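Remarks on the overall topology
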There are 2 protein chains.
Amino acid sequence: MAARDYGQYDGITRALELVGERWALLIVRDLLVGPRRYGELAAGLPRIPSNILASRLKELQAVGVIRRMPRSRVVLYELTPYGRELEPVVLALGAWGFKAMGDPRDDQVVTADSMTIALRTAFRADVAESLPATAYAARLGPAELLIRVDGSRLAVDRGTGPADLDFTAGPDIRHLISGELAPARAIATGVVEVLRGPDELLDRFASTFHLAA
Amino acid sequence: MAARDYGQYDGITRALELVGERWALLIVRDLLVGPRRYGELAAGLPRIPSNILASRLKELQAVGVIRRMPRSRVVLYELTPYGRELEPVVLALGAWGFKAMGDPRDDQVVTADSMTIALRTAFRADVAESLPATAYAARLGPAELLIRVDGSRLAVDRGTGPADLDFTAGPDIRHLISGELAPARAIATGVVEVLRGPDELLDRFASTFHLAA
DNA sequence: CGGAATCCCATGCGATACTG
DNA sequence: CAGTATCGCATGGGATTCCG
C-alpha cells in the first residue's frame, strides 16, 4: 500500500496518506454508522469495484483505521477508536458538500448509511435539547430509517418502528433541511408525504435537522 | 472531471467529487493561508507535477472553490468564499493526521504554509484569551514564521520581525505541541533552541498551541 | 520568468470473470 | 458470500518544451 506519497511532513498530508485514496472516506462514512460485512459495504457503495473494496479494506486495516472483527462465522469490519475519530472530518465534509448538492442525477443513488450520516450532520443537539422526545419513521428513497431524538441524543436505525411521525420524502427533502422550503409547503407540494401523525411534527423535524445552504 | 463519479447522492460524496482528487486539498490548504501565485503553489507542493497543478487549479475554479485574481501583471489564485468554508474540514483533517505522524522521512519536506495551518489547527483560542499578547519568531526547518497572538486572535506571517521569543526548532516540536515533551525539556534536549527571549515564554507557547496525541 | 501544454511511462482504477 | 485474478484504460508522475 504505502499510499502514494506527497513528500510533505504535516498533519493534513499524513491524513491524506491514510484516508485520501479514492473510496476510502466513503467506507469510513458507512462504518461510522456501525460495523458492516463486506457485502453490506459493497451494497452501500454500488459502484465500487470489488478489488478496490478489498484493497481499501486491507489498507485501512494496515494503517489502523479499521479492524476485522470475526463474529460467529462471518467477518465484520469496524472502525478502530482512531478511525472513529474521523467522525468530525466526515461530518464537516458532509456539511460542506451539502451546500453544493444540486438535483440528483439519474445514476445517483441514496443509501441508508449515507442518509444516516447526513442526519447526524444536520442534527442540532442544542435545538433538540429543548424539544420533547420524538421518533420519526422516514422513508427516504430506498432507505427506511427510524430516527429517535431524545434530548440532545440522536439515534438513527435502519428499518421502521413505532413513531410519532411517519413520512416519505424524495431527494428534495434537502430543501427542507436547508430551510429554503417551509414544512407546510413541503407537504403541500408533495416533497414530503405524511403517512401518519400530525403535520405539525414536521416543523419539529425541520428545526431539529437543519443545515444552512 | 465528473468522470470520477461515485454514483451516490449525499454531501460527503459531493464534497469528494469537488475536492477529493489527489492534491486538491493540499492546494486548498495553502490557499487558506492567503492568495498564492502559480509558482508559489508549485514551490509549496514540491512533488506536484506541473500539469496536475494546472488541471487542479482549473477544476477547482470550475466548481467554484477557487478563483483567479489578476493582480497587476501576475495572476493570483485565491479561495472563493465557498472555498474558504473548507477551513473546518482542513483543520479537522490536520488534527486527525497529526496524531498519526511519525518521524519525518528523508524525502519529506516542511513548508511555511503547511506549518501555518498546523499552528492554526493547534491554536487554543480559549487559552490564549487569558494570556498577554505575545509575538513569537519561529524558524521551523526552512519556514520562518512570525506568530502573533493577541487575545483570541492568531496571525501567522512568513518572515521574521520583532518578537518576544525567538526560537528554532526541528520536526520534533510536534512532541512539544502534543504535550509529550515539556518546554523545559525541549530546550534542554535541543529540540527547541531559544535565540532570544526568556525561556519561560516557551511554556506560554506550548499552552497556546496544543493538540493532543 | 511565471504559467502552462506536451510528451512518455508507470500505476491505480474500473469492469468483469473467476474461485474457495 | 467474500473475496482474487486479469486486463484495458484513465490518471498521475516527471521531464521537457513552449509561450507571453
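Note that the structure is predicted; figures quoted are calculated from it, not measured.

Helices and strands together make up the secondary structure of chain A, namely 11 helices and eight strands. Taken over C-alpha atoms, the radius of gyration comes to 18 Å for chain A, in line with the 17 Å a tight globule of 213 residues would show. For chain A, the residues scored as buried account for 50% of the 213 residues in total. A fraction of 62% describes how many contacts in chain A between residues 6 or more apart in sequence connect residues 24 or more apart. With the model as given, the accessible surface of chain A reaches about 9,300 Å², and the carbon-plus-sulfur share is 51%.

Let's shift gears to the domain arrangement of chain A. Residue and element names in this part refer to chain A. Domains assigned within chain A are domain 1 (11–85) and domain 2 (116–208). Summarising the inter-unit geometry, the C-alpha centres of domain 1 and domain 2 are found 28 Å apart. Across the interface of domain 1 and domain 2, roughly 350 Å² is buried in total on both sides, 58% from carbon and sulfur atoms. At the junction of domain 1 with domain 2, the criterion picks out zero salt bridges. Applying the counting rule to domain 1 against domain 2 returns one residue pair in polar contact (both at pLDDT 80 or more).

Burial of helix H7 (residues 112–122) of chain A is extensive: nine of the 11 residues sit out of reach of the surface. Turning to H7 of chain A, its buried residues number three or more, namely Ala112, Asp113, Ser114, Met115, Thr116, Ile117, Leu119, Thr121 and Ala122 of chain A.

Moving on, we get to the sheet that holds strand S7 (residues 165–169) of chain A. Residue and element names in this part refer to chain A. The sheet built from five strands is open, its strands ordered S6-S5-S4-S7-S8 with mixed pairing. Strands with a single pairing partner mark the edges of an open sheet, and in this sheet they are strand S6 (153–158) and strand S8 (192–196). Recorded for the sheet is a direction-independent mean angle of 25 degrees between the axes of neighbouring strands. With four bridges joining them, S7 and S8 adopt antiparallel strand pairing. Across the sheet, the residue bridging to Asp166 is Arg196, located in S8.

Residues and elements named next belong to chain A. Where strand S1 (residues 36–37) meets strand S3 (residues 74–79), two bridges bridge the pair, whose relative direction is antiparallel. Bridge pairing in S3 links Arg37 to Leu76. Examined bridge by bridge, strand S2 (residues 66–71) and S3 share six bridges and lie antiparallel to one another. Its bridge partner being in S3, Ile66 is matched across the sheet by Leu79. Two successive antiparallel strands, S2 and S3, enclose a turn made up of two residues, where Ser72 displays a positive phi of approximately 45 degrees.

The rules behind the values
- Residues numbered from 1 in each chain as written.
- Chains lettered and ligands numbered in written order.
- Predicted model: local features only at pLDDT ≥ 70, side-chain atom pairs only at ≥ 80, totals over all residues.
- Heavy atoms only, no water.
- Helix = DSSP H or I, 4+ residues; strand = E, 2+ residues; numbered from the N terminus.
- Rg over C-alpha atoms; globule rule 2.2 N^0.38 Å.
- Buried < 20%, exposed > 50% of the residue type's maximum accessible area, 1.4 Å probe, protein only.
- Contact = heavy atoms within 4.5 Å.
- Areas by Shrake-Rupley, 256 points an atom, 1.4 Å probe, with all protein chains shown as cover.
- Domains from an automatic or database assignment.
- Buried area = accessible area lost by both parts, 1.4 Å probe.
- Salt bridge = Lys/Arg side-chain N within 4 Å of Asp/Glu carboxyl O.
- Polar contact = N/O pair within 3.5 Å; in protein donor to acceptor, adjacent residues only side chain to side chain.
- Pairing = 2+ DSSP bridges.
- Axes fitted to C-alpha atoms, helices over the stretch in contact; angles between N-to-C directions.

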